[in-house]
Amino acid sequence: MSWAREDELLLQYTTDIVTVVDSAGVIRYQSPSIERILEYDREELVGEDALQYVHPDDRGHVERGLQMALEDPETVASLEYRFRHADGSWRWIETVRIEYRDAQRTDELVVSSRDVTERKRQEQRLDAVVSNAHEAIYVKDVDGTYRFINEYGAQFFDMTPEEIVGKTDFDLFDEESARQIQMLDERVLAGEENRITEATQYIDGEEHVFLDNKFPYFDDDGQVRGLVGFSTDITDRKRQQRELAALKEEFETVFENAQAGLVLIDADSGEVFQFQRLNPVVESVFGVRSEEASGRTPREVLGEETGAALEANYRACYERQEPLTFRETLELPGGRRTYQTKLAPVLVGGEVSHIVASKLDVTERERRAEQVEALHGATQRLLEAETEQEIADIAVDAAQRLLGYPMPTVWLVNDEGTELALAAQTSEHRELLLDTETDQPTHPRGDWLWDLFETGETEVFESLAQERLAADVPVDSAIIVPLSDFGVLSCGATEERTFDDSDVTLVTILGQSVATALRELANQRELQRKNEHLEEFTSVVSHDLRGPLTVASLHTELLGDAVESEHLDAIRRSHDQMAALIDDLLTLARQGRSIDELVEVDLESIAREAWENICVNDVDATLAVEGGRTVLADDRRLGQLLENLFRNAVQHATTAPDDGDPSVRVRVGPLDGGFYVTDDGPGIPETERRSVFESGYSTAESGTGFGLAIVKNVAEAHGWDVSVTDGIDGGARFEFTGVELP
């Protein structure tokens, strides 16, 4: 193929690649620009199949494009494909023009192409940016129709980009939102609107806040073709801003109204600690306003000693980067105060920028705690007191020295029960009485203090007006607590005073302790009186009954030597039963309800000794002790308990009905937390097990009815629990639990 010289000159310098291919795709001519652009020798390509140089993935649509062009070149506007470079790499080629070689040769096409590799790379980079951007990117024409939108933008509408193209904002947003968007777009296209705006819009009723950046784009003639938009969804950010604003408002409310003291400290890299803000509680305690303390160190505000202590704690919190809780006592302008303090670091980027200090004033709470603890000690002394006067003196001392009331008094009912007499007072109260030359005062029946005593209710008087606790003694305020049936405790002052709930509670507790001590003392005296009567009774039993019984027994034996009578054995049995009854009565009367000293006792040794003591040689009875067990007990009282149980088992077995087995087998053994004693006798009916430990209960003709009562008393004296149930072999089983083991 030959070209005119003028054509050759044009082809030599054109920037396009001009190629002539026939209907089979064979290259018939190649312009010189191929050597500069793709570095092929142009003659080398002539006669080659052009499709062999096209990327395999692009050959299909290139081949279809050539076939369409052979039929009508005007039907193919352009083609893009990858073409192999002489070095083996792939270059993007764009065919920009296709036409017949001449009107007579429609089997050959002249193809004009250019290298668009760099443009394609830029498009790919742009596509990557658009596809992966976390904002909506879109293009709309002047009518508001979408021509492009990226995947991120399309997801707001649960649609694909292809589904959105061709739609308008009225198809996608709520009507009001679409109308606002349309108005904004018109101003942008007219160049009247700031490009970046914040807009609240609704998609399917759900609110979205977008930060929009919109600007017009133009054609080659400078005419506006539409607009390009970038929209960032800042809904979460705006919500967080609102929440942050609400939190800030809440913080301000809490900071200003908190009952605890709050301090914000600037950490300044841990070198210098400065107050930044104080809440009103701390302002009153530190004696300085927040504005005055701001920017100053604790030493500058509170002095060297107190400031140094605070800064040391702040530095510890800064270095540990974790909350600290501790108790501190500070000397402050308002006095010495004790605080429960918590320091919390504020971390920004892993560094402590500020420290928040929370201070709860526990001065009064600790003082009350000390008072309560002191009351416990006073209560112990009250219970150890031996006279009413000693109790009254301890109560006055506790009220004045421990609780801080200046003029406490104790008034007790006299022996006749006709008036309240002053039993104990402070030295101040005594001096006032002397100054007024007042006799020892009393409050008889019908007097205001007696009436209060009879109500039994605590009364608080912050102003006694013309009434006086003691005649001519100016007590103007008082808490008065009745002491049960014994009198009243008054904690008064010579000036009007406001008592809080803690004051009333502490005085009431003291009054209850005094009443308890007085009641215990009265009970001890009543018990002593009963013991004296009991001692008289045991003396009568021991001397006045044993004597006649001994005489009667002696004469019965003498009578037995003189005569023979079947009635003598009945008399002897009655005498024996009377002697046993006297022994049991004396045991119950003389044994204590508690045991002072416990020792380690071998249960088997004590059991066998007790067995020997009941003299069962003439009875078919045996004892078995199972397992070794050592218990802490009073060995004499434990032996007494076992003797009574063994005697009870033998008596009931030998007095069983005629068709019963008169023999008895007794076993002693350990159980969890104690021990048991069981026999194979007739047992105890379930309906009678509640009453077997009562004095006088017995089913044996020769029994005194006190044996099991003694067992119960011994067990209770040790602090043990005792119960009765069925034995494994029938009979009765007594179980003792709560036994202290070494």
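Small disclaimer: the values here were computed from a predicted structure and weren't measured.

Counting secondary structure elements, the protein chain contains 23 helices and 28 strands. Counting contacts in the protein chain only where the partners sit at least 6 residues apart, residues at least 24 apart contribute 51% of the total. Carbon and sulfur atoms provide 46% of the accessible area of the protein chain, an area that totals close to 40900 Å².

Residues of the protein chain with pLDDT of at least 70 account for 84%, and the chain-wide mean is 81. Below a pLDDT of 50 lies the segment residues 699–705, which in the model reaches 21 contacts outside its immediate sequence neighbourhood of four places, other chains included.

On to the packing of aromatic side chains, then. Evaluation of the coordinates by the stated rule reveals 15 aromatic pairs. A cation sits over an aromatic face here: K120 above W92, 4.5 Å from the ring centre. Against the face of Y339 rests K359, its NZ or CZ located 5.9 Å from the ring centre.

Taken as a whole and assessed by the stated rule, the structure comprises 2 cavities of 30 Å³ or more. Considered as a void within the structure, the largest cavity measures approximately 290 Å³ in volume. Looking at the largest cavity, it is lined by 20 residues, and the ones nearest its centre are T19, A50, Y81, F83 and S113. When contributions to the lining of the largest cavity are tallied by element, the ones reaching two or more residues are strand 1 (17–22), strand 2 (27–30), helix 4 (59–71), strand 3 (79–84), strand 4 (90–102) and strand 5 (105–115). Per-class residue counts for the lining of the largest cavity are 16 nonpolar, 4 polar and no charged. Taken as a whole, the second largest cavity holds about 140 Å³ of empty space.

Here we take up a negative patch on the surface. A contiguous patch of negative charge on the surface is contributed by E35, D41, E44 and E48. Structurally, E48 is set in the loop between helix 3 (42–45) and helix 4.

Attention shifts here to unusual backbone geometry. Backbone phi values are negative for most residues with the exception of glycine, while trans is the configuration of most peptide bonds. Positioned with a positive phi, D204 is a non-glycine residue whose angle comes to about 50 degrees. Position of D204 among the secondary structure elements: in the loop between strand 8 (196–203) and strand 9 (206–218). D204 sits in the exposed class, given a relative accessible area of 72%. Despite not being glycine, Q321 has its phi angle at roughly 55 degrees, a positive value.

Glancing now at helix 15 (residues 363–384). In this model helix 15 runs 32 Å from its N-terminal to its C-terminal C-alpha over 22 residues, within 8% of the 32 Å that 1.5 Å per residue would give. Three or more residues of helix 15 are buried, namely T363, R368, Q371, L375, A378 and L382. Along the long axis of helix 15, the arc covered by the buried residues comes to 110 degrees, so they all point the same way. Of the exposed residues in helix 15, the ones pointing more than 90 degrees away from its buried face are R365, E370, E373, H376 and E384.

Here V625 is to be found in strand 23 (residues 621–625). Residue classification places V625 among the buried residues on the basis of a relative accessible area of 16%. Measuring from C-alpha to C-alpha, the distance between V625 and V677 comes to 9.3 Å, with 52 residues separating the pair along the chain. Setting aside chain neighbours within four positions, we find V625 in contact with E604, A607, R608 and V668.

A surface patch of nonpolar side chains, about 250 Å² in accessible area, is lined by V142, F218 and V224. If you trace the backbone, V224 turns up in strand 10 (residues 224–233).

What the 5 strands build is an open sheet, ordered 12-11-15-14-13; its pairing is antiparallel. Either end of the sheet is taken by a strand with one partner, and the two such strands are strand 12 (274–278) and strand 13 (324–332). On average, each strand axis in the sheet is tilted by 30 degrees relative to the strand beside it, whichever way the strands run. Inspection of the sheet shows strand 11 (residues 261–266) paired to strand 12 by 4 bridges, in the antiparallel sense. Bridging across to strand 12, D266 finds its partner in Q274. Where helix 14 (residues 304–320) meets the sheet, it contacts strand 11, strand 12, strand 13, strand 14 (335–348) and strand 15 (351–361), and its direction lies at approximately 165 degrees from that of strand 13.

Attention now goes to the nonpolar core. Counting 38 residues, the largest nonpolar core has L638, L641, L642, F646 and F736 as its most contacted members. Listed by contribution, the elements that provide at least two residues to this core are helix 21 (603–613), strand 23, strand 24 (630–633), helix 22 (635–654), strand 25 (664–671), strand 26 (674–679), helix 23 (707–718) and strand 28 (732–737). Per-element tally for this core: the top contributor is helix 22, with 7 residues. For L642, the contacting residues outside a window of four places in its chain are L603, I606, A607, A610, F675 and V677.

Turning to the environment of L310, a few remarks are in order. With respect to the element layout, L310 can be found in helix 14. Since its relative accessible area comes to 1%, L310 is described here as buried. Beyond its immediate stretch of four places on either side in the chain, L310 contacts F275, F286, P298, L302, E328, L330 and K359.

Strand residues, when the strand is regular, have side chains that alternate between the two faces of the sheet. As paired strands, strand 1 and strand 5 are joined by 6 bridges and run antiparallel to one another. Counterpart to V21 in the pairing with strand 5 is L109. For strand 4 and strand 5, the ladder comprises 8 bridges, and the chain directions are antiparallel. Bridge pairing in strand 5 links T95 to S113.

A separate point is the pattern of salt bridges. Applying the stated rule across the entire model yields 33 salt bridges. Taking the shortest distance from any N to any O, the salt bridge between K712 and E716 comes out at 4.0 Å. Residue K712 and its partner E716 are located together in helix 23, separated by 4 residues, close to a single helical turn. You can call K712 partly exposed: its relative accessible area is 32%. It is possible to trace a salt-bridge network through shared partners that takes in E80, E94, R119 and K120.

Criteria and cut-off values
- Residues numbered from 1 in each chain as written.
- Predicted model: local features only at pLDDT ≥ 70, side-chain atom pairs only at ≥ 80, totals over all residues.
- Heavy atoms only, no water.
- Helix = DSSP H or I, 4+ residues; strand = E, 2+ residues; numbered from the N terminus.
- Contact = heavy atoms within 4.5 Å.
- Areas by Shrake-Rupley, 256 points an atom, 1.4 Å probe, with all protein chains shown as cover.
- pLDDT = per-residue confidence, 0-100.
- Phe/Tyr/Trp six-rings, centres within 6.5 Å; stacked < 30°, edge-to-face > 60°.
- Lys NZ or Arg CZ within 6 Å of the ring centre and 35° of its normal.
- 1 Å grid on protein atoms, 1.4 Å probe; cavity = no way out; pocket = protein on both sides within 12 Å on 5 of 7 lines; lining within 4 Å.
- Points joined across faces, edges and corners; volume = space filled by probe spheres on them.
- Nonpolar A, V, L, I, M, F, W, Y, C, P; charged D, E, K, R; others polar.
- Patch = residues over 30% accessible without salt bridge, like charges linked within 9 Å, V, L, I, M, F, W, Y side chains within 5 Å.
- Salt bridge = Lys/Arg side-chain N within 4 Å of Asp/Glu carboxyl O.
- Lys, Arg positive; Asp, Glu negative; His and termini not counted.
- Charge placed at Lys NZ, Arg CZ, Asp CG, Glu CD.
- Buried < 20%, exposed > 50% of the residue type's maximum accessible area, 1.4 Å probe, protein only.
- Expected span 1.5 Å × (residues − 1).
- Arc of directions from axis to C-beta.
- Pairing = 2+ DSSP bridges.
- Axes fitted to C-alpha atoms, helices over the stretch in contact; angles between N-to-C directions.
- Core = buried A, V, L, I, M, F, W, Y, C linked by side-chain atoms within 4.5 Å.

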